[in-house]
Amino acid sequence: ARAGRRDRCGETEVIRAAFGPGFVATRSAATAVASLVSSGKMTAPGAVYPILAGLSANTIGKMVLARSGGGPFAWRLNPGLLLVALAAWAGALAYT
C-alpha cells in the first residue's frame, strides 16, 4: 500500500504514511520505509525523513502519554524524549 502511494503521490505521501504508524511503534514505520528502499522504490537518503517522521510521531505519543503518569513524571521524561528526537533531526539535517 505504501509503495503504491509513493508511486502515485511521491515522497511527501510516504512521509505522511510513516507518521501515522509511528504513533504506535517507530519500527513499523521504519520497516515499511526500509522495504521500499530494499525493493528499489526509494533511495536510502530519501528514507531518512519518512523514518524521522515516524520517530517524531512516536515521540509525541510518548510525551502525551507521559502526562498520564502525572506532571512530575512527564517533566522528568519529556526533555529526554525531546532531546533524542531533536538529535536525530539535527543529524539528518547536517547530513543532507
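Source: prediction; values computed, not measured.

So, the overall build of the protein
Across its full length, the protein holds 5 helices and 0 strands. From first element to last, N terminus to C terminus, the protein shows the α and β order α-α-α-α-α. Summarising its shape, the C-alpha atoms of the protein cover approximately 45 × 30 × 20 Å along the three principal directions. The buried share among the 96 residues of the protein stands at 29%. Of the contacts formed within the protein by residues at least 6 apart in sequence, a portion of 58% connects residues at least 24 apart. Per element, the accessible surface of the protein, about 5800 Å² overall, is 68% carbon and sulfur.

Let's talk about helix H3 (residues 26–38)
Counting along an α-helix, one turn takes 3.6 residues, and residues three or four places apart therefore face a common direction. With 13 residues, H3 ought to run about 18 Å at 1.5 Å a step, and its terminal C-alpha atoms sit 18 Å apart, in line with that. Taken residue by residue, H3 has Ala-29, Ala-32, Val-33 and Leu-36 as its buried positions. One face of H3 carries all of its buried residues, which in axial projection span an arc of 90°. With respect to the buried face of H3, the exposed residues turned more than 90 degrees away are Arg-27, Thr-31 and Ser-38.

Thoughts on the environment of Arg-76
Secondary-structure assignment places Arg-76 in helix H5 (residues 71–95). C-alpha separation for the pair Arg-76 and Ala-29, spaced 47 residues apart in sequence, amounts to 27 Å.

Here we look at the packing of helix H2 (residues 11–22) against H3
Between two packed helices, the angle of one axis relative to the other and the distance separating the axes together describe the packing. Look at H2 against H3: their axes get within 7 Å of each other, and the N-to-C directions meet at 150°. With respect to H3, the axis of H2 lies roughly antiparallel. Crossing hand, H2 versus H3: right-handed. Where H2 approaches H3, its residues Val-14, Ala-18, Pro-21 and Gly-22 are matched on the opposing element by Thr-26, Ser-28, Ala-29, Val-33 and Leu-36. For the contact of H2 with H3, the residue count by class is 6 nonpolar, 3 polar and no charged.

Conventions and cut-offs
- Residues numbered from 1 in each chain as written.
- Predicted model: local features only at pLDDT ≥ 70, side-chain atom pairs only at ≥ 80, totals over all residues.
- Heavy atoms only, no water.
- Helix = DSSP H or I, 4+ residues; strand = E, 2+ residues; numbered from the N terminus.
- Buried < 20%, exposed > 50% of the residue type's maximum accessible area, 1.4 Å probe, protein only.
- Contact = heavy atoms within 4.5 Å.
- Areas by Shrake-Rupley, 256 points an atom, 1.4 Å probe, with all protein chains shown as cover.
- Expected span 1.5 Å × (residues − 1).
- Arc of directions from axis to C-beta.
- Axes fitted to C-alpha atoms, helices over the stretch in contact; angles between N-to-C directions.
- Parallel < 35°, antiparallel > 145°, perpendicular 65-115°, else oblique.
- Left-handed = near helix turned anticlockwise from the far one by under 90°.
- Nonpolar A, V, L, I, M, F, W, Y, C, P; charged D, E, K, R; others polar.

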